[in-house]
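# Architecture and fold: a report
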Amino acid sequence: MKKLMIICGLLFSVITFAQAQQDQGKDGRRGMGTPEERAKRNTEMLTKKLNLTEDQQTKVSAIYLEQATAMKKLRADASGDRDAMRAAMKKSNEESDVKVTALLNDDQKKAYTTWKEERKEAMKKRAEGNGGGQ
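Residues numbered from 1 in each chain as written. Predicted model: local features only at pLDDT ≥ 70, side-chain atom pairs only at ≥ 80, totals over all residues. Heavy atoms only, no water.

In this model, Asn51 sits at a positive phi of 55°, which is unusual for a non-glycine residue. In this fold, Asn51 is placed in the loop between helix 2 (35-50) and helix 3 (54-77). (Helix = DSSP H or I, 4+ residues; strand = E, 2+ residues; numbered from the N terminus.)

The next subject is the pattern of salt bridges. As enumerated under the stated definition, the model contains seven salt bridges in all. Close ionic contact of Lys59 with Asp55 constitutes a salt bridge, the shortest N to O distance being 3.1 Å. Highlighted residues: Lys59 and Asp55, both in helix 3, separated by four residues, approximately one helical turn. The partly exposed category is assigned to Lys59, whose relative accessible area is 40%. Given a relative accessible area of 44%, Asp55 falls into the partly exposed group. When the shortest N-O distance is used, the salt bridge between Lys124 and Glu121 registers 4.0 Å. Remark: Glu121 and Lys124 occur in helix 5 (residues 106-129); sequence separation between them is three residues, near one turn of the helix. A residue is classified by how much of its surface remains accessible, and Lys124, at 45% relative accessible area, is partly exposed. (Salt bridge = Lys/Arg side-chain N within 4 Å of Asp/Glu carboxyl O. Buried < 20%, exposed > 50% of the residue type's maximum accessible area, 1.4 Å probe, protein only.)

With that out of the way, let us pick up the side chain of Ser92. Within the fold, Ser92 resides in helix 4 (residues 82-103). In this structure, Ser92 is in contact with Gln67, Ala70 and Met71, ignoring residues within four places of it in sequence. (Contact = heavy atoms within 4.5 Å.)

Within the structure shown, the criterion is met by one aromatic pair. Ring plane angle 25° and centroid distance 5.9 Å describe the contact between Tyr112 and Trp115, whose orientation is recorded as stacked. One end of the pair, Tyr112, and the other, Trp115, are both in helix 5, three residues apart, so they sit about a helical turn from each other. (Phe/Tyr/Trp six-rings, centres within 6.5 Å; stacked < 30°, edge-to-face > 60°.)

Taken as a class, soluble globular proteins show a tendency for nonpolar side chains to be buried jointly. Core analysis: the largest hydrophobic core is formed by eleven residues, namely Ala39, Leu46, Leu50, Leu52, Val60, Ile63, Tyr64, Val100, Leu104, Tyr112 and Trp115. When residues of this core are traced back to their parent elements, those giving at least two are helix 2, helix 3 and helix 5. The contact partners of Leu104, leaving out residues within four places of it in the chain, are Leu50, Leu52, Gln56, Lys109 and Tyr112. (Core = buried A, V, L, I, M, F, W, Y, C linked by side-chain atoms within 4.5 Å.)

Structure (structure tokens):
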């Protein structure tokens, strides 16, 4: 019986470790994915929230692909200056936001603004829950 418990414990440990490895992306970040995957995921999310047309989806996807590629490059080029990287990422996000907003009609713009505010609040709550995000 004791051997069976040890075997079960080891098996559980191996499965847990394997799952944790599988959950991380290739670069060690959880759920990041490739720029193409991120662009697709973001486009699908906006399509669901804003009921984007086919034309809008194509253009939004291109914007998010460009942004995700730029973010990946920024992460790879980061030479230890996290503040500079964060500022460059913020600028890239703002530029993408302006481009996406320009594609939307008035109703979609209102929904987009509301959705961004909801995301901002959720991120703030998550950061507070993690001891200030650190």
